[in-house]
Amino acid sequence: AHREPWSLREGDFSKARKRLDPKPLSVERTKGSEILFGIAPCALALSQSRRDLFRLFLKQSSGSRRLVTSEFVLQATARGVPVHHVKRRELDALCRGRVHQGVCLEATPLRFKSLEEAEKPNLGDEENPNRQLIWLVLEQIQDPMNLGALLRSAYFLGVDRVVTSQRNSCPLTPTVSKASSGAMEVFDIYSTDDLRSFLKAKTAEGWEVVGTVSKPEDVENVPVISCLEFRWNKPVIIVIGSEGDGLSLETQLLCHRMLAIPPGRALHPGIESLNVSVATGILLHSICSQKLRHSD
């Protein structure tokens, strides 16, 4: 049989491929900016005055999405933020394929606040002896999804302040904001480079420092109780350890008590603990529900 001669050169294929491949969006980013993505983070960042905002990118839309789009346009216009209507693949490129829900926002990053910037809380000993404060302290939480989920639970359940250790901790990235469902945009997050001194100082001020543990048998020299037995009768700090190792020994020894979540069944080896953000949500609810009962 007669065959056609192979006449296309390799260069011809690359030219053809370039014609077929969609050209990615090239955005000249403002120096020092980042791309927020998702409806809640972008809407809350627009409504607050905590970031400098440069550009809002919205997916070209029709039908039911038009209402969401028009709300964003109104918000952006009120803040003087330019709006760009772009194709989905351009939004995908902006946020590197993450779930953007049709919205991206170019803005300056959020930073942790230092404890020196924090106003002194009023413990209210004279005026309101029942004033209950709860702070959440995070030691070396490294996963942005976990950090976001922790911030979302802390905000929802009424935690007064979140403090993280500077060392080996996840920064406040767009992924954290998305995982927090935007709570990061409205909730100040503090950081300290000396967690031990901070906990010692709070103990001296009359706070109770409570650690958390998944396996009570791993703890020495600190009493362990079920979170269901804990009674909240003074300002309290709940300290949460890293995903893999939990609380460091030095931090454990600064805790007055350790809280454990009682399991609902005999556990199979290898699945004897909870995800750190889920465990924290359970512990915070167990404690914060006492605040609700006291205020009735």
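Residues numbered from 1 in each chain as written. Predicted model: local features only at pLDDT ≥ 70, side-chain atom pairs only at ≥ 80, totals over all residues. Heavy atoms only, no water.

Going by what an unreviewed UniProt entry lists, the chain is known as rRNA methyltransferase 1, mitochondrial and is assigned to Eudyptes filholi. Here the chain is described in UniProt, under the heading Sequence similarities (unreviewed entry), as follows: "Belongs to the class IV-like SAM-binding methyltransferase superfamily. RNA methyltransferase TrmH family." Quoted verbatim from the Subcellular location (unreviewed entry) field of UniProt, the annotation for the chain is "Mitochondrion". (UniProt positions renumbered as here; feature names shortened; annotations may be inferred.)

A. Structural detail: the overall build of the chain. Along its length, the chain carries 9 helices and 12 strands. A total of 296 residues make up the chain; the buried ones form 42% of that total. Across the chain, contacts joining residues at least 24 apart in sequence account for 86% of those joining residues at least 6 apart. Total accessible area computed for the chain in this model is approximately 17200 Å², and 51% of it derives from carbon and sulfur atoms. (Helix = DSSP H or I, 4+ residues; strand = E, 2+ residues; numbered from the N terminus. Buried < 20%, exposed > 50% of the residue type's maximum accessible area, 1.4 Å probe, protein only. Contact = heavy atoms within 4.5 Å. Areas by Shrake-Rupley, 256 points an atom, 1.4 Å probe, with all protein chains shown as cover.)

B. Focus on unusual backbone geometry. We note that Asn-168 has phi near 55°; this positive angle belongs to a residue other than glycine. In this structure Asn-168 comes out as partly exposed when scored by relative accessible area, which is 39%.

C. Here's a closer look at the environment of Pro-262. Mapped onto the secondary structure, Pro-262 falls in the loop between strand 12 (257–260) and helix 9 (276–294). When the C-alpha atoms of Pro-262 and Ile-225 are compared, they prove to be 9.5 Å apart, with 37 residues separating the residues in sequence. The residues contacting Pro-262, other than those within four sequence positions of it, are Ser-226, Cys-227 and Leu-228.

D. Focus on the sheet that holds strand 12. Pairing is parallel in the open sheet, where 8 strands are placed in the order 5-8-7-6-11-9-12-10. Two strands in the sheet have a free side with no partner beyond their single neighbour: strand 5 (113–114) and strand 10 (224–226). Bridge count between strand 9 (residues 208–212) and strand 12: 3 bridges; the pairing is parallel. Bridge pairing links Thr-212 to Leu-259 in strand 12. The strands touched by helix 5 (residues 144–157) within the sheet are strand 6 (134–138), strand 7 (161–165) and strand 8 (189–192), with strand 6 carrying the most contacts at an inclination of about 175°. (Pairing = 2+ DSSP bridges. Axes fitted to C-alpha atoms, helices over the stretch in contact; angles between N-to-C directions.)

E. Quick look at the sheet that holds strand 1 (residues 34–37). Taking strand neighbours across the sheet as the criterion, the 4 strands line up as 1-4-2-3 in an open arrangement whose pairing is mixed. The open sheet has two edge strands, strand 1 and strand 3 (83–86), and neither has a second partner. When strand polarity is set aside, the average angle formed by the axes of neighbouring strands in this sheet is 25°. For strand 1 and strand 4 (residues 103–107), the ladder comprises 4 bridges, and the chain directions are antiparallel. The partner of Glu-34 across the bridge, within strand 4, is Ala-107. The strands that helix 2 (residues 39–47) touches are strand 1, strand 2 (53–59) and strand 4; relative to strand 4, the one it contacts most, it runs at about 45°.

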